[in-house]
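Fold and contact review
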Amino acid sequence: MLRLPAFQLFLPHTLPDALSMLAEDAEHTSVLAGGTDLLPNMKRRQVTPKRLVSLKHVPGLRSIDVLDHEIRIGSAVNLCEIEEHPLLRQEAKALCQAVGQIATVPIRSTATIGGNVCLDTRCEYINQSELWRKAIGFCKKKDGDICWVATSSPRCLAVSSTDAAPALSALSAQVVLSSVRGERVLDLLDLYENDGEKPLTKQKDELVTQIRLPRRVGQASCYWKLRRRGAFDFPLLGVAVAIGCDDEKRVKHARLVLGAVASRPLLVPLPLELFAKGLDAELIAKVQEAAHALAKPMDHADLTLSYRKAMTKTLVALALREVFGEDMTDDRKRLERQLA
Amino acid sequence: MKRPISLVVNGEQHDVLCAPNVTLLEVLREQLGLTGTKHGCELGECGACVVLLDETPVLSCLLLAMECEGRAITTVEGLKRGSELSPLQAAFADAGASQCGYCTPGMLLSATALLAKQATPSRADIHTALSGNLCRCTGYHQIVEAVESVAAKNTADSHGSSAR
Amino acid sequence: MKERPLQIIGKARRRVDGRAKVCGETRYADDLFLPRMLHCRLLRSSVPHAKLLSVDTSRARAFPGVHCVLTGADFPTPFGILPVSQDEHALCLHKVRFVGDPVAAVVAQTEEIAQEALGLIDVVYEPLSTISSPEEALSQPEPRIHDYGDHGNVHKAVSMSFGSVEQGFAEADHVFEDVFHYAGNTHLPLETHAAVAALDPDGKLTLWSSTQTPHYVHRAAAKVLGMPPSRIRIVSTPQGGGFGGKTDPFNHEIVICKAALVTGRPVKICLSREEVFYCHRGRHAVLMKLRCGVKKDGTLTALHLQTLLDGGAYGSYGVASTFYTGALQTVTYHLPNYRFDGCRVFTNKPPAGPKRGHGTVQPRFGQEIQLDKIAHALSINPADLRLKIVEKPGVLTANFLHIRTIGLADCIRSVVRRSGFSEKHGQLPLGRGVGLACSSYLTGAGLPIYYNDMPHSGVQLKLDRSGLVTAFCGAAEVGQGSDDVLCACVAEVLGLDVADVKVVTGDSDLTPVDLGSYSSRVTLMMGNAAIFAAEKARELVAGPVAQKLETEPGRLVFSGGRVFEAEQPEKGVSFAEAVAIAESVHGTLGAVGSYKPPKPAAKFKGGGVGPSATYSYSAAVVEVQVDPETGWIVVEKVFIAHDIGRALNPTLVRGQVIGSVYMGLGEALMEEQAYRRLPPKKSGALVHRTPSLLEYKSLTSLDMPEVDVELIEGPDPEGPFGAKEVGQGPLLPIMPAVANAIFDAVGVRLDEVPLSPDKILRALLQKAAGQPPRVGPKGFPAVPYPEPLQVSTPWQGGQGRAVSPTAPKTPKTEGSHA
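Residues numbered from 1 in each chain as written. Chains lettered and ligands numbered in written order. Predicted model: local features only at pLDDT ≥ 70, side-chain atom pairs only at ≥ 80, totals over all residues. Heavy atoms only, no water.

1. Here we look at the interface of chain B and chain C
Counting from both sides, the interface comprises 46 residues of chain B and, opposite them, 52 residues of chain C. Across the chain B/chain C interface, buried area totals approximately 4000 Å², and carbon plus sulfur atoms make up 54% of it. In this structure, Asp30 of chain C engages Arg29 of chain B in a salt bridge whose closest nitrogen and oxygen atoms are separated by 2.9 Å. Where chain B meets chain C, there are 30 residue pairs in polar contact (both at pLDDT 80 or more). Mapped by element, the contributors of at least two residues to the side of chain B that touches chain C are α1 (24-31), α2 (87-95), α3 (104-117), α4 (123-129) and α5 (141-156) of chain B. (Contact = heavy atoms within 4.5 Å. Buried area = accessible area lost by both parts, 1.4 Å probe. Salt bridge = Lys/Arg side-chain N within 4 Å of Asp/Glu carboxyl O. Polar contact = N/O pair within 3.5 Å; in protein donor to acceptor, adjacent residues only side chain to side chain. Helix = DSSP H or I, 4+ residues; strand = E, 2+ residues; numbered from the N terminus.)

2. Side note on the sheet that holds strand β10 (residues 205-209) of chain C
All names here are of chain C. Ordered by their spatial adjacency, seven strands build an open sheet running β3-β5-β1-β12-β9-β10-β11, and the pairing between neighbours is mixed. The open sheet terminates on both sides in strands that have one partner only, identified here as β3 (66-71) and β11 (232-236). The average undirected angle you get between the axes of adjacent strands in this sheet is 20°. Where strand β9 (residues 194-199) and strand β12 (residues 267-270) come together, four bridges link them in antiparallel fashion. Considered in β12, the bridge of Ala197 is made with Val267. Seen against the sheet, helix α3 (residues 111-118) touches β1 (38-44), β3, β5 (102-108) and β12 and runs at an angle of roughly 25° to β1. The sheet strands contacting helix α7 (residues 251-263) are β1, β3, β5, β9, β10 and β12, and the helix crosses β9 at an angle near 25°. (Pairing = 2+ DSSP bridges. Axes fitted to C-alpha atoms, helices over the stretch in contact; angles between N-to-C directions.)

3. Concerning the sheet that holds strand β19 (residues 501-505) of chain C
To summarise the sheet geometry, strands pair through backbone hydrogen bonds and adopt either a parallel or an antiparallel arrangement. All names here are of chain C. Spatially, the four strands line up as an open sheet ordered β19-β18-β17-β23, and their pairing is mixed. The open sheet has two free edges, formed respectively by β19 and β23 (590-595), since each of these has just one partner strand. Shown here is a sheet whose adjacent strand axes are inclined to one another by a mean of 20°, direction ignored. In this structure, strand β18 (residues 469-473) lies alongside β19, joined through five bridges in parallel fashion. Within β19, the residue paired with Phe472 across the bridge is Val504. Against the sheet, helix α15 (residues 522-549) engages β17 (457-463), β18 and β23, with an angle of about 150° to β23.

4. Overview of the packing of helix α10 (residues 361-378) of chain C against helix α18 (residues 734-746) of chain C
Residues and elements named next belong to chain C. Contact geometry of α10 with α18 gives a least axis separation of 8 Å together with a crossing angle of 30°. Considering their axes alone, α10 and α18 lie roughly parallel with respect to each other. Note that α10 runs across α18; the crossing there is right-handed. Residues Val361, Arg364, Phe365, Glu368, Ile369, Asp372 and His376 of α10 form the contact with α18, whose own contacting residues are Met735, Pro736, Ala739, Asn740 and Phe743. The residue makeup of the contact of α10 with α18, split by class, is seven nonpolar, two polar and three charged. (Parallel < 35°, antiparallel > 145°, perpendicular 65-115°, else oblique. Left-handed = near helix turned anticlockwise from the far one by under 90°. Nonpolar A, V, L, I, M, F, W, Y, C, P; charged D, E, K, R; others polar.)

5. Let's talk about the interface of chain A and chain B
Taken together, the contact pairs 32 residues of chain A with 38 residues of chain B. Taken over both partners, the interface formed by chain A and chain B buries close to 2800 Å², and the fraction arising from carbon and sulfur atoms is 64%. Summed over the shared surface of chain A and chain B, the number is four salt bridges. Two residues, Glu30 of chain B and Arg3 of chain A, come together in a salt bridge whose shortest N-O distance is 2.8 Å. Scanning the region where chain A abuts chain B turns up 12 residue pairs in polar contact (both at pLDDT 80 or more). Breaking the side of chain A that touches chain B down by element, the ones donating at least two residues are β1 (8-10), α2 (38-43) and α6 (105-110) of chain A. In terms of residue count, α6 of chain A provides more of the side of chain A that touches chain B than any other element does, five residues in total. For the side of chain A that touches chain B, a count of residues per class yields 19 nonpolar, seven polar and six charged.

6. Regarding the domain arrangement of chain A
All names here are of chain A. Under the domain assignment, chain A is made up of domain 1 (1-59) and domain 2 (64-118 + 159-339). A C-alpha centroid distance of 27 Å is found between domain 1 and domain 2. Across the domain 1/domain 2 interface, buried area totals approximately 1100 Å², and carbon plus sulfur atoms make up 75% of it. Scanning the region where domain 1 abuts domain 2 turns up zero salt bridges. Where domain 1 packs against domain 2, one counts zero residue pairs in polar contact (both at pLDDT 80 or more). Among the elements that line the side of domain 1 that touches domain 2, the one with the most residues is helix α1 (residues 15-24), at five residues. Across the side of domain 1 that touches domain 2, the residue classes break down as eight nonpolar, four polar and one charged. (Domains from an automatic or database assignment.)

In structure tokens:
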């Protein structure tokens, strides 16, 4: 049986306690929320924190609060709850579609939104046992100094594998970071850096405590995920789109964020003028081009990188059709095996 | 640093001594003698170790035993009533849903959780609820049929009292 | 005894071990906990090919909680499943041959301590060059991975010719030539390998192991440990899946036996999932070239098949696998001339071995796709083409395989009818397609793994005064239902409820030898042995009971737990009373039955692989949807028909069919034992690309399409109650049927597996660019096959013997063969 390495476990009962435990030795401390990403990585000895600070008893992290102008989701809310939340399903469809396709049902019962947003980057060269990594002589992300994906790469190319973050980013989410130094609020996109080794900009002792979603009337959003199977698999490609229309159905804002094509969720800049004529072949083609140009999948995951890059166009088209109101049930069934 | 914890498993309290890095899976199998819960990977990639935590299906290989204090844990051993199989267990046995039997405990608990939430799930709901449990023997169909047969009985029963 | 209708056989019924399984009470190997048990972990090589210069275990030995550390020096005697390739050491002795090869073992108080102590073992390797593919193995005879084998890194090359393919090609209207590649894949049983070894209070060694072949493990353990086998007990625990992955005697089994002897304490080992990928013994990756001559009406005139197998680092069953890649091409369609060249090479990867379908899966893939291409070229419906050339029952094939019953035509008609194949094939809109393929598999290998003249399966019966009958047999319950088959056969013959027959299986101290759960042998061989034993027991009981009832044995019927006169049912006794009556007359009652398959007709070298008591047949039609823009493929529905002879328990049989279809879809769409070779200039590393359940893709319940099953039952006289195999056959047609369906849907050919969307897209882009829309191997390398063994076919008057490697090719006159 694979077992966890030894560590000290802290079970604070207040947020300030949790934050000070984190700050005490941030370098060797990890936060234990759902644990569904951290514990497997620990069992493979990819990470070996000496101290874990559990959020189990920390209050104030598990509620979904609906305000007039925004929805505030505690970072320790589990993914099942988000997937099934009636208001989120209505107003933040992309988020629920993303979350509903993460891993599997039993994992979603435990995994948290904060955990998925802070998911470690992944790569076929790093998500392996110590024996395996020794056999390849290690790599940039841990214990080595070469990136085996592209040996001349100056940086680690491990890929951003979160489904929630692209969806949340498309919905213009913000994230609240708390530490012993206080609280700060960032655009979620600013939490990320395109560096496989250090993909999060937050300090090691900062804790994600809340996700904030602005509420917009007339917003439509969706998330499409490419993967080999209908469950378990991380995204090979994620496409999240959100558009907001006024009463005359004119697009007033639009966001497209790609997942799994870089070491961070990737915002694809889209000038609003593109949407002037609504959904037509030209819009689709232009948005496809923009996304395709930025998507740079690497050869360290399932299916070939050229296939994943090509599918960017396919998923963008599907996403645009969906946000403009088309019923995509059959396409979802075919591509994502989403039966229900 | 081992410390004593108290776990409620299948309605019984157990006091065990364990270190923080010990998972619920390890405590169940190696300290409580409840070997019905299986393991295929210990990394959350197969669903063999599914147990119920307060009626919710979870992976026992990714839960620290210490974090399960105060929760009601149900394992496959807790499904029987005395020596009588639950309707779902009987359905599995009769429908051929168990071949090698290794995925069976996890499947039963995932299905139990589904039927607790939805007494009459559709076939699509069943496939979805079981999609986190890998099986290498059956090809899933007889497992789905077993769950369907219990759901059908639930439909036939009046006033939606859910049989489990 | 009076005949009566079957009461158990043929009825859908809960399997005898079903209750235990749904209660979670079945004791798999890792569920065994013995007092004072120690735990073992293996240190595995992190280099793919190297001399082992030194293994320093001193620091590990000194680590608190460590009881024993073993290295290769503790196991100088080699072993291996096949007598001709005893090339494994329990722990590597002089060299390591793949990343994952076991080098040392630590036995400690806890698994954690053992794991930690592994890090304290210092190994010094002298790396040798990495051989990462069959092409490299052929072009680099040095350094040799093994000191044995044909030459260089060629493990085994064979060639045999039946009739004359040259003549066959000359007679053909068309000759088709195709090259296919079948990627390696692995069994992925949900239960990882696990075992416990312990000395019993009498000091004798017992090994409980998750093994499909306890008898072969018994022999290997005795050999390596240098102990008489009578002092070693092997118990095969119920397995959580095997599929061929638990049929070799393994390093870890032998290591813990030794550790138990050294420490005097029970020792357990449970492999991690990653380690199971290193044990492997899965499907060989095979490159194939098929050259087929046909007449314009589709009649086959000749087939020349060449195969090149990537054997990985050890022999395993590989020599047999090599022969299997050429054995069964003749049992489905009439083939008058056949030549087979096969070659297995060593590479620095986990060893390949037998996986469900063992070696016959790969060439069947090629053959069924090639037939589809032939049908297309000749404008013949693929189903009609096959129906025209289906082989006949009772014949000897060109390579001397005896076909008994063959329900293939019925299988084809069944899937065609249910799927509407002929109305859909070639006629569905772009993006939708149907594909047909057929296959066959043996019902038990005709020869045992080691040469002997003894039965392949034995069953002993004990009849107790309580009315309980206990059936003992060495067969291993993998999950396929062998315990249920044993129970059902005995209960049927003796007229008992299955609850009144207890089975004791897979225990070398208690049960007669059964060779193991491989090659789909157990239902037929154990079933027949069980029937023979039960019939003898019935006879033993009938005599005295008839006398007591003042009637003739011929008038008695055993039914419903009683023994009574058929014409006067009230004139009878309970089975328990019958036993008591018989015991008073005969003394203590017992009966034995055993089974040996018919002697093969093939007498030439290599002819031992392929013969079987009888063959099962399957046909499948697969409906797919392929997106013509993206190549994304969805399998909508599978129609399968399986010629099973007789379904002993339809619930279990249906489960085996659907399970085989499931595994076939896995191989078709996503399973691949893939390797990464780092840039040779930077590293010698050769690692398994995806040794995890997440990244080695297997279908979830959301990926599984509808499966429509029909069983074709035409009882085969060789089978118990007419039954043939079902555990492997229905897998084989799936992969080529999907490939053929893809062609029907979007007009591209994939001549390799997995049939993944990126390959389909590549072919679609080729098509759009006006290039031949095909993805597959570019060509077939020059392989050093030997001169073929020449065997005259039965219709040439051949007697199954080789004429000579250089004999003239003209047919001999009758009766004059050397």
